[in-house]
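# Working through the structure, step by step
So the chains spell out like this:
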Amino acid sequence: MRFEPRRNKTVSPRTRRLRVAGGALCAAALAATLVTGCGQDSGDETAAATSEAAKVLPNQTTSPSGSVSPSGTAQLTEDQTKRKELLSTVKVTFDKAATTAVGEVSGGKLTDLDLEGIDDQDDDDATGSPSPTSSPTDGTSPSPGGTESPGGTGSPSPSGSAGSPKWVAEVVEEDGTAHNVTIDAVTGKVIDSSPDADQSDADKQELADQISKATQTPQQAAKVATDKKPGKVTSIALDENDSNVLVWQVDVVTKDWKKTTFDVDAAKGTITDEQVDDD
C-alpha cells in the first residue's frame, strides 16, 4: 500500500517523516493480520476441497464431454445389429406364424418356416429399411433409427405395408403337394397362399416320405432347441443331415443377438448337432 501526502495542506518535513513512518508500521501490521487470518481460512477451505476432489476423481466414469464411458458394453457385429433391428419390428412369433400357415392348407403339415431377411438383410426390400451403411440419394436425411425420413422408404408400418418383415412357410399335404404361405410378421395376416407350381412328382414323393417319418412336430423341435438355449426361433426346416438322418434344423437368436442352429432328430426329438454363428 502506498501512502501519498495530503494535498492542499502544508506540513513540516519532520511531521511528514513521522506520518510516513507511522503509516508504514500500520500498513505492515494490517498486512500481517490479513495474511494470517485470510490465509488460514483459505488454506482450510482449499484443503477441504482437495480432500473432496480426491474422493470423487478416482471414481470418475464420464468422458470430458460428460457422456458415460462405453466400457463394459459389448460391441455388436454387423450381423448381430441387423438381427436386433429386424426382430425389434416383428410382432408375430414363430409359433403363431406356424399355426396360421398350417391353417391355410387343410390337412397340411409345416415343413419349413423362415423369417425373411434374418440372414440376407443386404436386400432392403426384405427388411423394409435400408442397411446401416446405406444413405439416401434423394436428399432426405436418415432418422435416428436407421430408416429414412417420411419421404423415403421408412420402417414397416403396423398395418402391414409391403416393407413389413414376413414369415415364409412351406406347408405340405399328405400326398406331398407343397403350398407356399407368406404371413405379415407385424399384423399376422396372410399375404399370399398358393401351391408350389414348380414341384415334380419326385419332389412330391420325397416330401410325402419326410412328413410321414417326422413324428416330432416343428413346435416340439423348437421347444427342444430353446430349452437348450433360450431365444427367438427365426427358422425351422425339415431336412436330412450329412448322415441322412431326418432332422429339424432350428435357428435360435439369443439375447446377445447371436444365432445358433440346432439339428433336432425328427423322430427321436434329441439334439444331434449345434452350431453357433459368431457373426
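Located above this text is the structure these notes cover.
Notes on the structure follow.

Analysis parameters
- Residues numbered from 1 in each chain as written.
- Predicted model: local features only at pLDDT ≥ 70, side-chain atom pairs only at ≥ 80, totals over all residues.
- Heavy atoms only, no water.
- Core = buried A, V, L, I, M, F, W, Y, C linked by side-chain atoms within 4.5 Å.
- Buried < 20%, exposed > 50% of the residue type's maximum accessible area, 1.4 Å probe, protein only.
- Helix = DSSP H or I, 4+ residues; strand = E, 2+ residues; numbered from the N terminus.
- Contact = heavy atoms within 4.5 Å.
- Pairing = 2+ DSSP bridges.
- Axes fitted to C-alpha atoms, helices over the stretch in contact; angles between N-to-C directions.
- Arc of directions from axis to C-beta.
- Patch = residues over 30% accessible without salt bridge, like charges linked within 9 Å, V, L, I, M, F, W, Y side chains within 5 Å.
- Areas by Shrake-Rupley, 256 points an atom, 1.4 Å probe, with all protein chains shown as cover.
- Salt bridge = Lys/Arg side-chain N within 4 Å of Asp/Glu carboxyl O.
- Lys, Arg positive; Asp, Glu negative; His and termini not counted.
- Charge placed at Lys NZ, Arg CZ, Asp CG, Glu CD.

### Comments concerning the nonpolar core
Among the nonpolar cores identified, the biggest contains 35 residues, and Leu113, Leu115, Trp167, Trp248 and Val250 are the most heavily contacted of them. When residues of this core are assigned to their parent elements, the largest contribution, five residues, is made by strand S6 (residues 246–253). Beyond its immediate sequence surroundings of up to four residues, Leu115 is in contact with Leu86, Leu87, Val90, Lys166, Trp167, Ala185 and Thr234.

### Some details on the side chain of Thr182
By the secondary structure assignment, Thr182 is in strand S3 (residues 178–184). When its relative accessible area of 16% is taken as the criterion, Thr182 is described as buried. Leave out the neighbours within four places in its chain, and Thr182 touches Lys166, Trp167, Val168, Lys189, Val190, Ile191 and Asp192.

### Points about the sheet that holds strand S2 (residues 166–172)
Within a sheet, each strand pairs with its neighbour through backbone hydrogen bonds, oriented either parallel or antiparallel. Pairing is antiparallel across the open sheet formed by eight strands, whose spatial order is S4-S3-S2-S1-S5-S6-S7-S8. Both outer strands of the open sheet, strand S4 (190–195) and strand S8 (271–277), are each paired with one neighbouring strand and no more. Neighbour-to-neighbour, the strand axes of the sheet open up by a mean angle of 20°, direction not taken into account. In terms of strand pairing, strand S1 (residues 109–115) meets strand S5 (residues 232–240) through three bridges, oriented antiparallel. Paired with Asp114 across the strands is Ser235, a residue of S5.

### Some thoughts on the pairing of S1
As paired strands, S1 and S2 are joined by six bridges and run antiparallel to one another. Each residue of the ladder has a partner; that of Lys109, found in S2, is Val172.

### Observations concerning helix H2 (residues 78–87)
Buried within H2 we find Gln80, Lys82, Arg83, Leu86 and Leu87. An end-on view of H2 places all buried positions within 160° of arc, on one side of the element.

### Structural notes on a negative patch on the surface
Together, Asp201, Asp203, Glu206, Asp209, Asp239 and Glu240 make up a region of like negative charge exposed at the surface. For the negative patch, the leading source of residues is helix H5 (residues 201–213), giving four residues. Considering the arrangement of structural elements, one finds Glu206 in helix H5.

### Thoughts on the environment of Ile236
Along the polypeptide, Ile236 turns up in strand S5. Distance in space between the C-alpha atoms of Ile236 and Thr261 is 9.3 Å, their sequence separation being 25 residues. Here Ile236 is in contact with Phe94, Thr111, Asp112, Leu113, Asp114, Pro218, Ala221, Ala222, Trp248, Gln249 and Val250, once residues within four sequence places are set aside.

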